Amino acid sequence: MKYIFAVVFAFFIMSASAQDGVNRPDIPGDLMVDIGFNVWSSMPGALDAKTWSSKSVGIYYTNRKILSSKLSFNYGVGLGLEKMSLGDSTLASQYNFTNGSNDSLAAVAIIPNSENFEKNKLASTYLDIPFELRFHPLGTEEGEGLFIGAGGIVGLRLNAHTKWNYDNNGETVREKISGKYNLNSFRYGYQIRAGFKGVHVFYKRYLSNVFKDSFQDGSNPVMTTVGINVTGF
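Since we're looking at a predicted model, the values are computed, not measured.

### Topic: the nonpolar core
Here comes step 1: Grouped together as the largest cluster of nonpolar side chains are 17 residues, with contacts concentrated most on Trp40, Leu86, Leu91, Leu122, Leu183 and Phe211.
Here comes step 2: The contacts of Leu86, once residues within four sequence positions are left out, are Trp40, Leu47, Asp48, Leu91, Asn120 and Leu122.

### Considering the pairing of strand β1 (residues 30-40)
Here comes step 1: Pairing analysis gives eight bridges linking β1 to strand β2 (residues 55-66), with the strands arranged antiparallel. Bridge pairing in β2 links Val33 to Ile59.
Here comes step 2: As judged from the nine bridges shared by β1 and strand β11 (residues 223-231), these two strands associate in the antiparallel manner. From the neighbouring strand, Ile35 faces β11, where its bridge partner is Ile228.

### Re the pairing of strand β10 (residues 199-206)
Here comes step 1: The side-chain alternation of β10 yields one buried face, formed by His200, Phe202, Lys204 and Tyr206, and one unburied face, formed by Val199, Val201, Tyr203 and Arg205.
Here comes step 2: Here strand β9 (residues 186-196) pairs with β10 via eight bridges, running antiparallel. Across the sheet, residue Ala194 finds its bridge partner in β10, namely Val201.
Here comes step 3: Two successive antiparallel strands, β9 and β10, enclose a turn made up of two residues, where Lys197 displays a positive phi of approximately 55°.
Here comes step 4: Alignment of β10 against β11, held across seven bridges, turns out to be antiparallel. In the strand pairing of β11, His200 is matched with Asn229.

So, how was this worked out
- Residues numbered from 1 in each chain as written.
- Predicted model: local features only at pLDDT ≥ 70, side-chain atom pairs only at ≥ 80, totals over all residues.
- Heavy atoms only, no water.
- Core = buried A, V, L, I, M, F, W, Y, C linked by side-chain atoms within 4.5 Å.
- Buried < 20%, exposed > 50% of the residue type's maximum accessible area, 1.4 Å probe, protein only.
- Contact = heavy atoms within 4.5 Å.
- Pairing = 2+ DSSP bridges.
- Helix = DSSP H or I, 4+ residues; strand = E, 2+ residues; numbered from the N terminus.

Geometry only, nothing functional implied.
Right, dumping it as structure tokens:
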């Protein structure tokens, strides 16, 4: 979340400066913010995801190349912050001792619920590059207005952690544990967007599996994200 606040705060400062008449650099492009919900195609073992608690936030700096009065190519770079609510069971990284070191978190295990979880999430952050071709049926001089777009997204995982809140004899215990959790280091997929000017809806489908290796039951989900976008800060 600290990345979100830092980026949004910076753009609010620049916007306020512009309104006050203070000169600032004329940077081409816009801040694009995706807010949505994550769904896994299948749940490994005893995991039980809660969709409404499984949120996604994407913050991207984007630019647009006008191809014609009705076509534009949009591209950007930014951060994708993903959270999956894991219900009553959770994930725990297992240490890999094959190289004589215990600092390589290579595998992951499903831990049945031994606590009364109030919060149980797997969070990961990606450096994402989204791109798409947009069609503007009404056409505008600046390539804005009503549009429908389709393209792709690729991302590199920067970090991951689990976060647990549970009750221990009347006291709330909070644990945050960083690790690899067998998550794929690279992700890729396609996206579809439709809307008007600075507000639209989006659908992202990642073709890469969430985890590097499948679980014992053979499952290895792919992730879908749906939500709403605001652009133009």
